Amino acid sequence: MTPIPRRSLLLWLAAAGAPVASAQPLAAWPTRPLRIVVPYPPGGAADLAARLLAPELQRGLGQPVVIENRPGADGNIGSAEVAVASDGHTLLMGSVSTHAINPLLSRRLPYDAVKDFAPVSLIATMPLVLVINPAIAQKLGIRRLADLVHAASAQPGRLHIASGGNGNPSHLAGELFKRLTETYMLHFPYRSPASAQQDVIAGNMDLMFDFLPAALPQIRAGKLLPLAVTSSRRIPGLPDLPTVEEAGGTALKGYEASAWIGLFAPSSQPAEQLARLERDTVAALSAAPLRERLTARGMLMPGSGGAEFAALIAAETTKWARVVQLSGIKVDR
């Protein structure tokens, strides 16, 4: 019997609908180093999480994982770069800003947060913490959240609240707080949460909702006085600090304003690759050393998969859309 040439056999099997092993099966992916774009400057929570995740992810995927910072426009520049990436090896460490808040605020967003991306995994959530300058708190007799609400109600506009910029989660957390307590504090947006924090420590600003990873060292050093944490539960790093809901009474029932960061791929990524990436990312997040390092920095580690992450993004977009509408927040980016 004359043997059938291999090429002819493969063509016949393909025509018959039989599974055929390709010359470069998807199981071989990734074939070169992966790049995780962080759309923020080095040193922030997203950057830290990406750099701690990379070695664990590298072990599962079998290829180096490199981090590249592409800051600008509150995450829009780096996100837009990944949205159009077609090399199959470029990912994004996105955030509540890039995928839930910025689409509500910007008329010129250079990407579609839903259509251009495939959510891979929620990496971490980050509660904010309401902090006040200790000297100002002592001068005004503010020791608890209830004291702050009383002071803000008694003298509308007397207190100055800083934020990391218009539309930043630190800004929206404050707007939600003011709406629910029916108080007015004069808002001062800064170029970044770090610069806002510096002015609160210096006493040039009274208070702010700060990201917990950045605030923890200053709280422990006595440079900031914490009044409440914005998560739905108390956090391990500050177990005696009440949540805003606990300390705020009826007016603040249900208050929650955590930020989050997560891993995204371009929506053009093949489904088989996305499935492997999700599986290996969730596995990496279960590694005890990684969880301990991030938890010690004030991050909580849910480690959910793509479907759960997509549901969270939809819920967060609905939630912050209401705050944006009531507050009339507008940005030019």
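In this text, all values refer to a predicted model and were calculated from it rather than measured experimentally.

How would you summarise the packing of helix H7 (residues 169-181) against helix H13 (residues 306-327) if you had to cite specific residues and measurements?
Orientation of H7 relative to H13, taken along the N-to-C sense of each, is 70°, at an axis distance of 10 Å. If you check the angle between H7 and H13, you find them roughly perpendicular. The handedness of the crossing between H7 and H13 comes out as left-handed. In this structure, H7 uses Leu 172, Ala 173, Glu 175, Leu 176 and Arg 179 to contact H13, whose residues at the interface are Trp 320, Val 323, Val 324, Leu 326 and Ser 327. Of the residues assigned to the contact of H7 with H13, the class counts are seven nonpolar, one polar and two charged.

An account of the pairing of strand E4 (residues 117-126) is requested, with residue identities and associated values reported.
Where burial is concerned, most of E4 is hidden: nine out of the 10 residues are buried. Relative to strand E10 (residues 259-266), E4 is paired through eight bridges, and the arrangement is antiparallel. From the neighbouring strand, Thr 125 faces E10, where its bridge partner is Trp 260.

Outline the nonpolar core, supporting the account with residue identities and numerical values.
Judged by nonpolar contacts, the single largest core of 83 residues is most densely connected at Ile 36, Met 93, Ile 123, Leu 148, Phe 177 and Tyr 255. Among the elements that make up this core, the one with the highest residue count is helix H2 (residues 45-61) (eight residues). If you look at the next biggest cluster of nonpolar residues, it comprises 17 residues, including Val 131, Ala 162, Ala 196 and Val 229.

Just give me the short version of the pattern of salt bridges, but keep the residues and values in it.
Taken as a whole and judged by the stated rule, the model has 13 salt bridges. Between Glu 81 and Arg 35 there is a salt bridge; the shortest N-O distance is 2.7 Å. Highlighted residues: Glu 81 in helix H3 (residues 76-83) and Arg 35 in strand E1 (residues 34-38), separated in sequence by 46 residues. Judged by relative accessible area, Arg 35 falls into the buried class, the value being 17%. Linked through salt bridges whose partners overlap, the residues forming this network are Arg 35, Glu 68, Arg 70 and Glu 81.

Hey, could you go over the packing of aromatic side chains for me, with residue numbers and the actual values?
Applying the stated criterion across every chain yields a total of six aromatic pairs. Clustering of aromatic rings is evident, with ring pairs tying together Tyr 111, Phe 117, Trp 260, Phe 264 and Phe 309.

So what's going on with unusual backbone geometry? Residues and values would help.
Following Trp 29, the chain continues to Pro 30 via a peptide bond in cis, the omega torsion being 0°. Phi at Ala 73 takes a positive value of approximately 55°, unusual for a residue other than glycine. Relative to the helices and strands, Ala 73 resides in the loop between strand E2 (65-69) and H3. Among the residues examined, Ala 73 registers a relative accessible area of 35% and is labelled partly exposed. Residues other than glycine seldom take positive phi values, yet Asp 74 does so here, at roughly 55°. Position of Asp 74 relative to the elements: it lies in the loop between E2 and H3. The class for Asp 74 is partly exposed, based on a relative accessible area of 22%.

So, the side chain of Ser 170: which residues are in play, and what are the values?
Take Ser 170: it is sitting in helix H7. Residue classification places Ser 170 among the buried positions, given a relative accessible area of 2%. Of the polar contacts made by the side chain of Ser 170, one reaches the backbone nitrogen of Gly 164; its length is 2.8 Å. Of note is the side chain of Ser 170, whose polar atom sits 2.7 Å from the side chain of Asn 168. For Ser 170, the contacting residues outside a window of four places in its chain are Leu 128, Ser 163, Gly 164, Phe 209 and Phe 211.

Could you give me a rundown of the confidence of the model for the protein chain, with the residues and numbers involved?
Predicted confidence across the protein chain gives a mean pLDDT of 89, with 91% of residues reaching 70 or more. The model gives residues 1-26 a pLDDT under 50, and that stretch makes eight contacts with residues more than four places away or in other chains.

The rules behind each value
Residues numbered from 1 in each chain as written. Predicted model: local features only at pLDDT ≥ 70, side-chain atom pairs only at ≥ 80, totals over all residues. Heavy atoms only, no water. Axes fitted to C-alpha atoms, helices over the stretch in contact; angles between N-to-C directions. Helix = DSSP H or I, 4+ residues; strand = E, 2+ residues; numbered from the N terminus. Parallel < 35°, antiparallel > 145°, perpendicular 65-115°, else oblique. Left-handed = near helix turned anticlockwise from the far one by under 90°. Contact = heavy atoms within 4.5 Å. Nonpolar A, V, L, I, M, F, W, Y, C, P; charged D, E, K, R; others polar. Buried < 20%, exposed > 50% of the residue type's maximum accessible area, 1.4 Å probe, protein only. Pairing = 2+ DSSP bridges. Core = buried A, V, L, I, M, F, W, Y, C linked by side-chain atoms within 4.5 Å. Salt bridge = Lys/Arg side-chain N within 4 Å of Asp/Glu carboxyl O. Phe/Tyr/Trp six-rings, centres within 6.5 Å; stacked < 30°, edge-to-face > 60°. Polar contact = N/O pair within 3.5 Å; in protein donor to acceptor, adjacent residues only side chain to side chain. pLDDT = per-residue confidence, 0-100.

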